[in-house]
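Below are the chains, spelled out letter by letter.
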Amino acid sequence: MQQLILGLRDGSLFALVALGLVIIHRTTGVLNFAYGHMGMFAAYITFSCYAFFGFPLLLAILTGLLFAVVLGMLTEKFLLRPIRNLSHSAMLIITLGMLMTLEGTALWIWKQDTRQLPNLISGKPLIVNLGEVFLVITRQDLLIFILTAVIVFGTFFYLKYTKVGLAVRASSQHEEAAKLMGIPVGGVYGFAWGFGTALSALAAILAAPKTYVHPNMMLNLQIQGLTAAVLGGFDSLPGAIVGGLLLGVIEQYVGEWISADLKLAVALIIIIILLLIKPSGILGKSSKRRV
Amino acid sequence: MLKLTDVKLKYGYVEALKGITLEIKEGTITSLLGANGAGKSTTLRAVSGLNHIYDGEISFMGEAIHNRSTDYIVKQGIIHCPEGRKLFPDLSVYENLLAGAYVIQDKERVKENIQRVYELFPILSDRRKQMAGTLSGGEQQMLAVGRSLMADPKLLMLDEPSLGLAPIIFEQIFDTLIELKKSGTTIFLVEQNANAALHISDYAYIIEVGKIPLEGPASELLKNDKVKQKYLGG
């Protein structure tokens, strides 16, 4: 029970990371290796606004998120859109290049020192009595859980019931047909990148009190988010959420029963096993369509 | 209404259109006929801006559109119903129609248009919640045509709407085109089935390897010996 609750706590952050990865991949077909690092950079922006320029925390966070939106849209427009017709691997290489560049730039600007961002909310932690053990859940963890839930449902309804959402789904299913409907597909891609990157930034800012702000702060989360996405079938939004929560719980049990050192390795083992036996993921579609 | 003047287009090094000149008059059905690979689909793709031409001019109602983006061209009222249906497979029938009306701002108008498509193809109304990818071939074609009507086209360009259809559905779709013409929609039809196309068209162009060797009123082309031999099966 304890592992379950702690697992869901970690998992909701994985789910948040996975959600953005999946939105970008599903809409534009690009697996963004720089995804976590883009969030890291935004976390640094938030940190700088907060610690150097004395912004109130909330304003600093909003600045960081806005930065992420712009960074995502510019990346799509100027780095990826021009080479859309080339090949998938060309786009992968670009995102890898972004990863290196962002890491180097962050090191150059903010140096090696780990920086700290405070919790969004503090206060007395929640204490859950499980009979044998007491479980301590900080307010920040609770906030992450609730925020993830709100964002997940919000995203889901937005995509399902609004015109922009319809344009996003149409573009992701058939780019050319979407163009022929008069949908500005480039704008839709920019939207997906802006929104997706903002989710990475939010995850980084929420994780920052624990991971500290550091050029590699999002390394683990990127892998865990990727695993969550693969678990969910990579193109399914509910899949990303279920995958994230599941991974969180699995990691907790592995940490408890085998060794805490294996926690991150489990993510990679899951990716390998799943790709071998069920590449469509746990919620992926296996139904065949008529052509 | 639509004018192509000496339009040239390349795919890489391959010259697909070698100077196409044609005109679609308002209120007519005009066909572009030819064999596979002659450049029929490419001509439509050039008009809707999916591929850009390197020489010549395309103008719609007096405005040059060949350097414009597809979404701009769609907003001007040119709707291209592409070859091979190209539906959104994981959107429902209803959502596919809704996507077709993307450029229409007026919600009432969208509702009316959906009703109109359901009246035209009642089977789509029965299947409105079904995913488009699960429809039969004929139903998919109806949806493709229905979807292209959603944006109130001034000029409707259809690429091989008869491909792979059972005769009864084929007739239904062609009847629909005649109805559309009566209601004032101009139609640019690309077809391999030259016989059927000529029977509903006012004017037609024959395309061969990126050029137009022959054109004329459809009734005359039906009698033309060359056309008979090559495209009407003797």
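For the structure itself, consult the block above.
A short tour of the structure in this document, coming up. (Residues numbered from 1 in each chain as written. Chains lettered and ligands numbered in written order. Predicted model: local features only at pLDDT ≥ 70, side-chain atom pairs only at ≥ 80, totals over all residues. Heavy atoms only, no water.)

## Some thoughts on the overall build of chain A
Thought 1: From N to C terminus, chain A includes 11 helices and two strands.
Thought 2: Going residue by residue from the N terminus, the α and β elements of chain A occur as α-α-α-α-β-β-α-α-α-α-α-α-α.
Thought 3: Taking 2.2 N^0.38 as the reference for a compact globule, 291 residues should give roughly 19 Å; the C-alpha atoms of chain A span a radius of gyration of 19 Å, in line with that estimate.
Thought 4: Reported as C-alpha extents along the three principal axes, the dimensions of chain A are approximately 60 × 50 × 35 Å.
Thought 5: Here chain A holds 291 residues, and 49% of them are scored as buried.
Thought 6: Considering only intrachain contacts with a sequence separation of at least 6, the fraction spanning at least 24 residues in chain A is 73%.
Thought 7: Carbon and sulfur atoms make up 70% of the accessible area of chain A, which amounts to about 13,500 Å² in all.
Thought 8: Side-chain charges of chain A comprise 20 positive and 12 negative groups, with the mean position of each set lying 12 Å from the other. (Helix = DSSP H or I, 4+ residues; strand = E, 2+ residues; numbered from the N terminus. Rg over C-alpha atoms; globule rule 2.2 N^0.38 Å. Buried < 20%, exposed > 50% of the residue type's maximum accessible area, 1.4 Å probe, protein only. Contact = heavy atoms within 4.5 Å. Areas by Shrake-Rupley, 256 points an atom, 1.4 Å probe, with all protein chains shown as cover. Lys, Arg positive; Asp, Glu negative; His and termini not counted. Charge placed at Lys NZ, Arg CZ, Asp CG, Glu CD.)

## Brief notes about the pairing of strand 2 (residues 14-24) of chain B
Residues and elements named next belong to chain B.
Thought 1: Sheet analysis places strand 1 (residues 2-11) next to strand 2, joined by eight bridges and oriented antiparallel. Bridge pairing links leucine 2 to isoleucine 24 in strand 2.
Thought 2: Joining the antiparallel neighbours strand 1 and strand 2 is a turn of two residues, in which glycine 12 adopts a positive phi near 65°. (Pairing = 2+ DSSP bridges.)

## As for the pattern of salt bridges
Side-chain pairing between opposite charges can occur once the charged atoms of the two side chains come close.
Thought 1: In the structure shown here, the tally under the stated rule is 20 salt bridges over all chains.
Thought 2: Lysine 75 of chain B is the salt-bridge partner of aspartate 71 of chain B, the closest N and O atoms lying 3.9 Å from each other. Linking aspartate 71 of chain B with lysine 75 of chain B, this pair stays in helix 2 (residues 70-75), spanning four residues, or about one helical turn.
Thought 3: For aspartate 71 of chain B, a relative accessible area of 19% gives the class buried.
Thought 4: The network of salt bridges with common partners includes Arg9, Asp10, Asp141 and Lys210 of chain A. (Salt bridge = Lys/Arg side-chain N within 4 Å of Asp/Glu carboxyl O.)

## Considerations on the interface of chain A and chain B
In many analyses, interface size is given as the accessible surface area lost on bringing the parts together.
Thought 1: With 21 residues of chain A at the contact, the number on the chain B side is 29 residues.
Thought 2: For the pairing of chain A and chain B, the buried interface totals around 2,300 Å² over both sides, and the portion due to carbon and sulfur atoms is 61%.
Thought 3: The interface formed by chain A and chain B includes three salt bridges.
Thought 4: Across the salt bridge formed by glutamate 176 of chain A and lysine 86 of chain B, the nearest N and O atoms sit 3.3 Å from each other.
Thought 5: At the junction of chain A with chain B, the criterion picks out seven residue pairs in polar contact (both at pLDDT 80 or more).
Thought 6: Elements represented by at least two residues in the side of chain A that touches chain B include exactly helix 6 (163-173) and helix 7 (175-180) of chain A.
Thought 7: If you tally residues by element for the side of chain A that touches chain B, the top one is helix 6 of chain A, at six residues.
Thought 8: Here the residues of the side of chain A that touches chain B sort into 10 nonpolar, three polar and eight charged. (Buried area = accessible area lost by both parts, 1.4 Å probe. Polar contact = N/O pair within 3.5 Å; in protein donor to acceptor, adjacent residues only side chain to side chain. Nonpolar A, V, L, I, M, F, W, Y, C, P; charged D, E, K, R; others polar.)

## Thoughts on the packing of helix 6 of chain A against helix 8 (residues 185-211) of chain A
All names here are of chain A.
Thought 1: Interhelical geometry of helix 6 versus helix 8 gives an angle of 100° and a closest axis separation of 10 Å. Between helix 6 and helix 8, the angle falls in the class roughly perpendicular. On the side of helix 6, the interface is formed by Val164, Ala167, Val168 and Ser171, while helix 8 contributes Val185, Val188, Tyr189 and Phe191.
Thought 2: Grouping the amino acids of the contact of helix 6 with helix 8 by side-chain chemistry returns seven nonpolar, one polar and no charged. (Axes fitted to C-alpha atoms, helices over the stretch in contact; angles between N-to-C directions. Parallel < 35°, antiparallel > 145°, perpendicular 65-115°, else oblique.)

## Side note on the environment of leucine 50 of chain B
Residues and elements named next belong to chain B.
Thought 1: Residue placement: leucine 50 occurs in the loop between helix 1 (40-47) and strand 4 (55-60).
Thought 2: Exposure remark for leucine 50: the relative accessible area of 15% places this residue in the buried category.
Thought 3: For leucine 50 and aspartate 71, which are 21 residues apart along the polypeptide, the C-alpha to C-alpha distance reads 9.8 Å.

## A closer look at helix 2 (residues 35-51) of chain A
Thought 1: In this model helix 2 of chain A runs 24 Å from its N-terminal to its C-terminal C-alpha over 17 residues, within 8% of the 24 Å that 1.5 Å per residue would give.
Thought 2: Most of helix 2 of chain A is tucked away: 15 of the 17 residues are buried. (Expected span 1.5 Å × (residues − 1).)

## Some words on the packing of aromatic side chains
Thought 1: Overall, the coordinates contain 12 aromatic pairs over all chains when judged by the stated rule.
Thought 2: Here the aromatic rings of phenylalanine 41 of chain A and phenylalanine 67 of chain A are separated by 5.9 Å at their centres, their planes lie at 20°, and the arrangement is stacked. With phenylalanine 41 of chain A in helix 2 and phenylalanine 67 of chain A in helix 3 (residues 57-80), the pair connects residues that are 26 residues apart, well separated along the chain.
Thought 3: When its relative accessible area of 9% is taken as the criterion, phenylalanine 41 of chain A is described as buried.
Thought 4: A network of ring pairs unites the aromatic residues Phe41, Tyr44, Phe67 and Trp110 of chain A as a single cluster.
Thought 5: Residue placement shows lysine 163 of chain A over the ring face of tyrosine 102 of chain B; its charged tip is 5.1 Å from the ring centre.
Thought 6: The cationic tip of arginine 147 of chain B hangs over the ring face of phenylalanine 88 of chain B; the distance from NZ or CZ to the ring centre is 5.0 Å. (Phe/Tyr/Trp six-rings, centres within 6.5 Å; stacked < 30°, edge-to-face > 60°. Lys NZ or Arg CZ within 6 Å of the ring centre and 35° of its normal.)

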